[in-house]
Amino acid sequence: MAAALVLETVKKLFTPETLRAAAKQSEGIHIVPLLLRRAIKKFLRDNERVHMKRKVLRLSESFCRIKDFNLLLPSSTCRELVEDPFKSMEPSKRWKIKSAYGDIGLKYSDDETVAYVASRMPAVYSACHRVLREVRRRLPDFSPARVLDFGAGTGSAFWALRDVWPRSLEKVNFVEPSKSMQRACHSLLQDMKDLPLIHSYDSIQALSQTIGKHERRHDLVIASYVLGEIPSLKDRITVARQLWDLTQDVLVLVEPGTPQGSSIIHQVRSHILWMEKRRCRKSRDASTSTSKGELQKSAENAVALQPADSSIPLKLGAFVVAPCAHDGPCPLAKSEKYCHFVQRLERTSSQRTYKRSKGEPLRGFEDEKFCFIALRRGERPKANWPLDDMKFETLREQLAKRNPEDLEIDYEDQFASETDEDHPDQDLVKYASDVTETDGMYDEQEEEEEEDEAERADLGSGWGRILFTPVRRGKRITLDVCRSTKRDGSEGSFERIVVTKSKNPALHHQARRSLWGDLWPF
């Protein structure tokens, strides 16, 4: 009877209209909030350097050097570390890294920090906002109170956190080794009201030594655009393990949308899922052991997989909240394609001023490509697939049921609007710069209310992910989808789906409105 109730609920929730609302995850052009634009403009006015365009160009070249260095790192050297990290290093040494990642990563001087705020901060904020907004939609019951921002930089991720969860944040810990970045972050936040309690630390070691053991776990841990600045593969995995140990519920990682960024996300994803599967296996062995000696040995092995300072028992297992619909091996790992997404944003005045274009006028927008992963502790919830027990009519069946009266045209209603007076005020074009602070606050509240009322996609394995731009050719649409092939989400595949209007008009209408990064129901 419970199964019947579940099916009935699914029928009520998912119709062709609600499917489109639940699958929508992408965002149109994103406009940087007015408060952040004003904070950036004020910071640049107080700290502007000479030859700013040249410094922005140098910062871009330094990012390119990091990308070229990552290309020199062979993936084979990390394969053994990802599959079994205990082979290459003692377990006791993996929980602490001797050197802070700032000593082996990219260091930011005052000039580079100012260039970063002027050119990169709006784009990083937009990518983080897009990722966190999807996490909020997929996890409606998740409201983080304690947050750790690793590699906080100038606070781009924190600004996105404030927009997505404006009321739940209570305490935020920043980990940023660059003193220049810390000063810039605090300067940008000085005019913001109702801030949570914020503490800054130079490294994870300083964080662990300062706060108590019962405060080391965070509801949300986020690391944006930072793992790629760590040149050592072993140190990346070590930092990822440390971040996962500090995570009580959700871990979010964001990297640039390049093959190197996708490879970093893939490595961390594989390692954390492997580590949690091993922990679950040890726990099962401990529960099924009959001998007291075997039980004690299995328990010791299970405890060895957790940090020594763990005071609150963690949930066993881990699953991917987004973007993957499964927890198996990535189907794109051995292909020439890589998983990434794009967020378009309207360029701020500082970006239009200091960024250079290659012989062409600078566009008013830019496309920020990014890769991300959102992991949650526990087991993936079991849910029916959205298209279970749903019946769709073909185009021929819909035409057969058409009522001839619906085809009649009321000419009086059609031409009645021509007699109305023209209102010149309606022809005015509104720009983002015309929006006041109060208007932005009301718009955010209305948008939040609309999302709360909209249907949400569950965390089951029945939702695939559209990885690239859909190809539209006439009444036929081709989608590249990463999906789960099993109900439990243990395996996945990359498939090309063709949707035609004649066979399924409802899904064809949804495919026409789908964009890169949206979900696709199965």
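Position numbers for residues start from 1 in each chain and track the written sequence from start to end. Only residues with pLDDT of 70 or above have their local features reported here, since the model is predicted, and side-chain atom pairs are shown and tallied only from 80 upward, although totals for entire chains, interfaces and linings are computed over all residues. With hydrogens and water stripped out, all remaining heavy atoms of the structure feed into the side-chain values.

Enquirer: How do you make sense of the overall build of the protein chain when you look at a structure like this?
Expert: For the protein chain, the count of helices and strands is 20 helices and 13 strands. Taking all 522 residues of the protein chain together, the buried fraction comes to 48%. It only takes one pair of heavy atoms within 4.5 Å for two residues to be counted as in contact. Of all intrachain contacts in the protein chain linking residues separated by at least 6 positions in sequence, the fraction that spans at least 24 positions is 82%. Accessible surface computed for the protein chain: about 27500 Å², of which carbon and sulfur atoms make up 51%. The way it works is that DSSP assigns letters per residue, a run of H or I at least four long becomes a helix, a run of E at least two long becomes a strand, and they are numbered from the N terminus. Only protein chains enter the accessibility calculation, which uses a 1.4 Å probe. A residue is then buried if its area is under 20% of the maximum for its type, exposed if over 50%, and partly exposed in between. The protein chains shown are the only cover counted for residues, whose accessible areas, like all others here, come from Shrake-Rupley with a 1.4 Å probe.

Enquirer: Please explain the pairing of strand β1 (residues 146-150) as it appears in this structure.
Expert: In summary, the side chains of a regular strand alternate between the two faces of the sheet. Taken across its five residues, β1 has five buried, putting it largely inside the fold. Covered by surrounding structure in β1 are Arg146, Leu148 and Phe150 together with Val147 and Asp149, the residues of both alternating faces. A pair of strands is labelled paired if DSSP reports no fewer than 2 bridges between them. Relative to strand β2 (residues 171-175), β1 runs parallel, the two being bridged by five bridges. Looking at β2, one finds that valine 147 is bridged to valine 172.

Enquirer: Could you clarify how one ought to interpret the environment of proline 381 in this entry?
Expert: Structurally, proline 381 is set in the loop between β8 (365-377) and α17 (395-400). Residues proline 381 and glycine 460, spaced 79 residues apart in sequence, show a C-alpha to C-alpha distance of 5.9 Å. For proline 381, the contacting residues outside a window of four places in its chain are Phe319, Leu459 and Gly460.

Enquirer: How should unusual backbone geometry be read in this particular structure?
Expert: Peptide bonds are mostly trans, and most non-glycine residues show a negative phi. The omega angle of the peptide bond from alanine 322 to proline 323 is 5°, so this bond is cis rather than trans. For proline 323, the location among the structural elements is in the loop between β6 (318-322) and β7 (341-346). For aspartate 194, which is not glycine, the phi dihedral falls at a positive 55°. Tracing the backbone through its elements, the reader meets aspartate 194 in the loop between α11 (179-189) and β3 (197-201). Residue classification places aspartate 194 among the exposed residues on the basis of a relative accessible area of 70%. In this structure, tyrosine 225 is a non-glycine residue whose phi angle is positive, near 55°. Tracing the backbone through its elements, the reader meets tyrosine 225 in the loop between β4 (218-224) and α13 (233-245).

Enquirer: Looking at this structure, I do not really get the nonpolar core. What am I missing?
Expert: Across soluble globular proteins, you tend to see nonpolar side chains buried next to one another. In terms of nonpolar packing, the biggest core is built from 62 residues, with Leu220 and Val252 touching the most fellow members. With nine residues, helix α9 (residues 121-138) is the largest single contributor of residues to this core. The contacts of leucine 220, once residues within four sequence positions are left out, are Leu132, Phe142, Pro144, Arg146, Val147, Leu148, Leu161, Trp165, Val250 and Val252. Side-chain atoms within 4.5 Å are what join buried Ala, Val, Leu, Ile, Met, Phe, Trp, Tyr and Cys residues into a set we call a nonpolar core. Among the nonpolar cores identified, the runner-up in size contains 31 residues, and Val175, Ala223, Leu246 and Cys371 belong to it.

Enquirer: Would you mind showing me how to read a positive patch on the surface here?
Expert: Together, Arg472, Lys475, Lys501, Arg512 and Arg513 make up a positively charged patch on the protein surface. Relative to the helices and strands, lysine 501 is located in the loop between β12 (492-500) and α20 (505-513). Judged by relative accessible area, which is 32%, lysine 501 ranks as partly exposed. Patches draw on residues past 30% relative accessible area with no salt bridge. Two like charges within 9 Å are joined, as are two nonpolar side chains (Val, Leu, Ile, Met, Phe, Trp, Tyr) within 5 Å. What makes a salt bridge here is a side-chain nitrogen of Lys or Arg within 4 Å of a carboxyl oxygen of Asp or Glu, nothing more. Neither His nor the chain ends contribute to the count of charged residues, in which Lys and Arg are positive and Asp and Glu negative. Think of each charge as sitting on NZ of Lys, CZ of Arg, CG of Asp or CD of Glu.

Enquirer: Just checking my understanding: could you explain the packing of helix α2 (residues 16-23) against α20 for this structure?
Expert: Two measures define how a pair of helices packs: the angle their axes make with one another and the distance between the axes. Orientation is described by lines fitted to C-alpha atoms, with helices fitted over the stretch in contact, and by angles between N-to-C directions that extend from 0 to 180 degrees. The N-to-C vectors of α2 and α20 enclose an angle of 25°; their axes lie 10 Å apart at closest approach. In terms of orientation, α2 and α20 fall into the roughly parallel class. Crossing angle aside, the handedness with which α2 passes α20 is right-handed. Note on element contacts: α20 touches α2 through Ala506, His509, Gln510 and Arg513, opposite Pro16, Leu19, Arg20 and Ala23. Orientation categories follow fixed angle ranges, with anything under 35 degrees roughly parallel, anything over 145 roughly antiparallel, 65 to 115 roughly perpendicular, and all other angles oblique. Take the far helix as your reference; a near helix turned counterclockwise from it by less than a right angle gives a left-handed crossing, and one turned clockwise gives a right-handed crossing.

Enquirer: For this particular structure, what's the right way to read the confidence of the model for the protein chain?
Expert: A low pLDDT means the predicted coordinates there should not be read in detail. Per-residue confidence for the protein chain gives a mean pLDDT of 76; residues scoring 70 or more make up 70%. Below pLDDT 50 for its whole length, residues 1-12 participates in seven contacts with residues either more than four positions away or in separate chains. Each residue carries a pLDDT value, the predictor's own confidence for that position, ranging from 0 to 100.

Enquirer: Would you explain the packing of helix α3 (residues 34-47) against α11 in this entry?
Expert: Contact geometry of α3 with α11 gives a least axis separation of 9 Å together with a crossing angle of 125°. In terms of orientation, α3 and α11 fall into the oblique class. Handedness of the crossing formed by α3 with α11: right-handed. Residues Ala39, Ile40 and Phe43 of α3 form the contact with α11, whose participating residues are Ala184, Ser187 and Leu188.

Enquirer: How should I be thinking about the packing of aromatic side chains in this particular structure?
Expert: In this description, an aromatic ring pair is defined by two values, namely the gap between the centres and the angle between the planes. For Phe, Tyr and Trp, where Trp contributes only its six-membered ring, two rings pair if their centres lie within 6.5 Å, and the inter-plane angle classes them as stacked under 30 degrees, edge-to-face over 60, or tilted in between. Enumeration according to the criterion identifies seven aromatic pairs in this entry. Note on phenylalanine 158 and phenylalanine 174: the rings are 5.7 Å apart at their centroids and 80° apart in plane angle, and the pair reads as edge-to-face. Separated by 16 residues along the polypeptide, phenylalanine 158 in helix α10 (residues 156-164) and phenylalanine 174 in strand β2 bring together distant segments of the chain. Here phenylalanine 158 matches phenylalanine 174 in class, with each residue buried. Aromatic side chains phenylalanine 468 and phenylalanine 494 sit 6.3 Å apart centroid to centroid with 80° between the ring planes, which places their arrangement in the edge-to-face category. Remark: phenylalanine 494 occurs in strand β12 and phenylalanine 468 occurs in the loop between β9 (463-466) and β10 (471-473); sequence separation between them is 26 residues. Owing to a relative accessible area of 26%, phenylalanine 494 belongs among the partly exposed residues under this scheme. Through pairs of rings, three or more aromatic residues link up here, namely Phe341, Phe370 and Phe372. Charge over a ring is defined by NZ of Lys or CZ of Arg lying within 6 Å of the ring centre and within 35 degrees of the ring normal. Over the ring of phenylalanine 522 we find arginine 483, and its NZ or CZ is 4.0 Å from the ring centre. Positioned over the ring face of tryptophan 385 is arginine 487, at 4.4 Å from the centre of the ring.

Enquirer: What is the right way to look at the environment of aspartate 488 in this model?
Expert: Counting through the fold element by element, aspartate 488 comes out in the loop between β11 (476-484) and β12. Considering only alpha carbons, one finds aspartate 488 and proline 381, 107 residues apart in sequence, at a separation of 8.8 Å. Not counting residues within four places of it along the chain, the set of residues in contact with aspartate 488 comprises Arg380 and Ser461. A polar atom in the side chain of aspartate 488 sits 2.9 Å from the side chain of serine 490. Distance and chemistry together define a polar contact, namely a pair of N or O atoms within 3.5 Å, with one atom able to donate a hydrogen and the other to accept it when in protein, and with adjacent residues in sequence counting only for side-chain atoms on both sides.

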